[in-house]
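Observations on the model geometry
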Amino acid sequence: RVSVRKPQIEWLELEEEEIELNFDESCSLNFVTEPNRAKDYYDVTCVTSNANVVTAKVEGYNSIYIEAQGKEGSATVTVIMGNKRTRCKVYVKKMS
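Here's a quick rundown of the structure. (Residues numbered from 1 in each chain as written. Predicted model: local features only at pLDDT ≥ 70, side-chain atom pairs only at ≥ 80, totals over all residues. Heavy atoms only, no water.)

1. So, the sheet that holds strand β1 (residues 11-14)
This is how the line gets drawn: Whether two strands pair depends on DSSP finding at least two bridges between them. The way it works is that DSSP assigns letters per residue, a run of H or I at least four long becomes a helix, a run of E at least two long becomes a strand, and they are numbered from the N terminus. Between N-to-C directions, angles span 0 to 180 degrees; the directions come from axes that are lines fitted to C-alpha atoms, helices contributing only their stretch in contact.
Read across the sheet, four strands follow the order β1-β3-β6-β5 without closing on themselves; strand pairing throughout is antiparallel. Each of the sheet's edge strands pairs with one partner strand only, and the pair in question is β1 and β5 (54-59). Mean inter-strand twist for the sheet, computed between neighbouring axes without regard to direction, equals 25 degrees. In terms of strand pairing, β1 meets strand β3 (residues 26-34) through four bridges, oriented antiparallel. By the bridge assignment for β3, Trp-11 is matched with Glu-34.

Following this line, the structure appears as structure tokens:
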């Protein structure tokens, strides 16, 4: 029987700490970890502080998908992997 030890996650970061979206916009943000292959060993979850303003979900190997819900406001999107967290503040505005 082979035992595989999970590597300890040193850090987790999103490529942006703050973004602004229009009512009908969406975007993808990448995240990076140290070690790089941590996602091979840990589940990644994504939560939003205000689902009425934006929704967020893990997309692909190292990114999240954020979508505005048609209302002005703000929300904090948090990505969680193991015992590490990283956040991005999202502002949704009606832009002309």
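Text resumes after the structure shown.
2. Side note on the environment of Lys-84
Which entries qualify depends on this criterion: We call two residues in contact whenever any of their non-hydrogen atoms come within 4.5 Å of each other.
As for its placement among the helices and strands, Lys-84 is situated in strand β8 (residues 84-93). Linking Lys-84 and Ile-9, residues 75 residues apart in sequence, is a C-alpha distance of 7.3 Å. Residue contacts for Lys-84: discarding those within four places in its chain leaves Ile-9, Glu-10, Trp-11, Leu-12 and Val-79.

3. Thoughts on unusual backbone geometry
Residue Pro-35 is bonded to the preceding Glu-34 through a cis peptide linkage, with omega at 5 degrees. Checked against the element boundaries, Pro-35 lands in the loop between β3 and β4 (44-48).

4. Description of the packing of aromatic side chains
Rules: Side-chain rings of Phe, Tyr and Trp, where Trp is taken by its six-membered ring, are said to pair if the distance between their centres is within 6.5 Å; with planes under 30 degrees apart they count as stacked, over 60 as edge-to-face, and otherwise as tilted. To sit over a ring, a charge needs its Lys NZ or Arg CZ within 6 Å of the ring centre and within 35 degrees of the ring normal.
According to the stated counting rule, one finds zero aromatic pairs in the structure shown. The ring of Tyr-42 carries Lys-6 above its face, with NZ or CZ at 4.9 Å from the centroid.

5. Here we look at the pairing of strand β7 (residues 73-81)
Using the following cut-off: Between buried and exposed lies partly exposed: a residue is buried under 20% and exposed over 50% of the maximum accessible area for its type, with that area taken using a 1.4 Å probe on protein chains only.
Within β7, seven of the nine residues are buried, which leaves it mostly tucked inside the rest of the structure. Two elements, β7 and β8, share nine bridges in a ladder whose sense is antiparallel. The residue bridging Met-81 from the neighbouring strand is Lys-84, located in β8. The turn linking β7 back onto β8 is made up of two residues, and Gly-82 within it adopts a positive phi angle of 60 degrees.

6. Notes on the side chain of Thr-78
With respect to the helices and strands, the residue Thr-78 is situated in strand β7. With residues near it in sequence (within four places) discarded, Thr-78 still touches Thr-45, Cys-46, Val-47, Arg-85, Thr-86 and Arg-87.

7. Some details on the side chain of Thr-33
Keep this limit in mind: Whenever two N or O atoms come within 3.5 Å, that pair is a polar contact, provided that in protein one can donate a hydrogen and the other can accept it, and provided that, for residues adjacent in sequence, both atoms are side-chain atoms.
By the secondary structure assignment, Thr-33 is in strand β3. A distance of 2.7 Å separates a polar side-chain atom of Thr-33 from the backbone oxygen of Pro-35. Beyond its immediate sequence surroundings of up to four residues, Thr-33 is in contact with Trp-11, Leu-12, Ala-38 and Met-81.

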